[in-house]
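# A look at the structure
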Amino acid sequence: MNDLIRQAIAAEADERVDSRTVLANLHKARKAKPFGMIIGVAALTVAAAAAAVVIPTTIKKTEAAPPANAPASAAQNVLLIGTDDDRRADAIVLARFETDGSASIISLPRDIHAGTGQDRLSGLFKDDPRKLTAAVEELTGTKVDHYAAVAMSEFGRVATAVGGIDVCLNNYVMDEYSGAHFMAGKNTLVGEQALQFLRQRHGLPEGDLDRVKRQQAFLSSFAAKITKDKAPELLQLLERSIEFDEGWDLLQFATRFQGPVKVRSATLPVGEEVQRDGIRVYAPDPDRSKRFVEDQFGGGGATETGCVN
């Protein structure tokens, strides 16, 4: 697969890419990690990307493109996960990708209580990805078609690769736990700053809920910066750190994306914060959650924009 990637990038540089040849080679490499569309999907797992993908941007479009690559006819619901060093789900996003490439994303606070004892959504992925998808389906009333996960630690390099991520903060921030130190107003994040921005929750008025909104702000800014020129470098950064379910036809999924993705973002409402076996968690509110997701994915509801805490 690495040789295939290098060939595709080199061919793009020479403007010699033949879509039929590249797609045929990718189909032969199905058991390896497909690299194109997953760039954007993985980035979304930390609310840091749009599914602007390598295949639609690096393949030279021709009239001879095979019919199998016609745009998908149905929306897909994808669970996107950003993991920490212990494979806990540090960021959880339920995304609905429409056939035109637009996306509605709903961030799920990682500390929602799941099941009994101390179980939270954040701990289910490490045990078994299917446990997390099942819990999300039960909570939201929405079928999860596929999942993709990527390590949160990758996104310092990703932010640098696109020339920095622009975000807006309501207030001056200095946090000793995450190392975050930002001025009020516009900030351009590169390297370690991106991780500090995404990880901070201490000192924020709404704690982890404010951190979720930061992830969404990061996403929106990153989505606008994905370009044809940046795609190969992002590919090289993320290709080895992505995990996804085996049944996903990523080549077909990729056909719906033709450039930077329009993203609508919101946060799943939660119940009150409670103590469960000595751990503070958010009580789930399935009825409210199901109505919220149906409204958001149906085109209603508000999108969260502007400066964040």
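Numbers given for residues are sequential positions, taken from 1 along each chain in its written order. Note on the predicted model: pLDDT of at least 70 is required for a residue's local features to be given, and 80 or more for side-chain atom pairs to be given and counted; whole-chain, interface and lining totals, by contrast, use all residues. Processing note: side-chain calculations cover all non-hydrogen atoms of the structure and skip hydrogens and water entirely.

Salt bridges are defined by distance alone: a side-chain nitrogen of Lys or Arg within 4 Å of a carboxyl oxygen of Asp or Glu. Scanning the model with the defined rule gives 13 salt bridges in all. Taking the shortest distance from any N to any O, the salt bridge between Asp 86 and Arg 88 comes out at 3.5 Å. For the exposure calls, accessible area comes from a 1.4 Å probe over protein chains only, and a residue counts as buried if that area is under 20% of its type's maximum, exposed if over 50%, partly exposed in between. A residue is classified by how much of its surface remains accessible, and Asp 86, at 39% relative accessible area, is partly exposed. Relative accessible area serves as the criterion here: at 38%, Arg 88 is assigned to the partly exposed category. A salt bridge links Asp 128 to Arg 130, with the shortest nitrogen-to-oxygen separation between them at 3.1 Å. On the accessibility criterion, Arg 130 (63% relative accessible area) is exposed. Each of Asp 90, Arg 110, Asp 208 and Arg 211 takes part in one network of salt bridges that share partners.

Further remarks concern the pairing of strand β3 (residues 103-107). Secondary structure elements follow DSSP: runs of H or I no shorter than four residues count as helices, runs of E no shorter than two count as strands, and numbering proceeds from the N terminus. Most of β3 is tucked away: five of the five residues are buried. In β3, alternate side chains face the same way, and those of Ala 103, Ile 105 and Ser 107 on one face and Ser 104 and Ile 106 on the other are all buried. We call two strands paired when DSSP finds no fewer than two bridges between them. As paired strands, strand β2 (residues 89-97) and β3 are joined by five bridges and run antiparallel to one another. Note on β3: the bridge partner recorded for Phe 97 is Ala 103. Examined bridge by bridge, β3 and strand β10 (residues 263-267) share five bridges and lie parallel to one another. Opposite Ser 104, over in β10, you have Arg 264 as the bridge partner.

Turning to the packing of aromatic side chains, a few remarks are in order. For Phe, Tyr and Trp, rings pair up if their centres lie within 6.5 Å, where Trp contributes its six-membered ring, and each pair is then called stacked (planes under 30 degrees apart), edge-to-face (over 60) or tilted (otherwise). Overall, the coordinates contain three aromatic pairs when judged by the stated rule. Between Phe 125 and Tyr 147, the aromatic rings sit 6.1 Å apart at their centres with planes inclined by 75 degrees, giving edge-to-face as the arrangement. In this pair, Phe 125 is assigned in helix α5 (residues 121-127) and Tyr 147 in strand β4 (residues 146-151), connecting sequence segments 22 residues apart. Taken as a pair, Phe 125 and Tyr 147 share a single burial class, namely buried.

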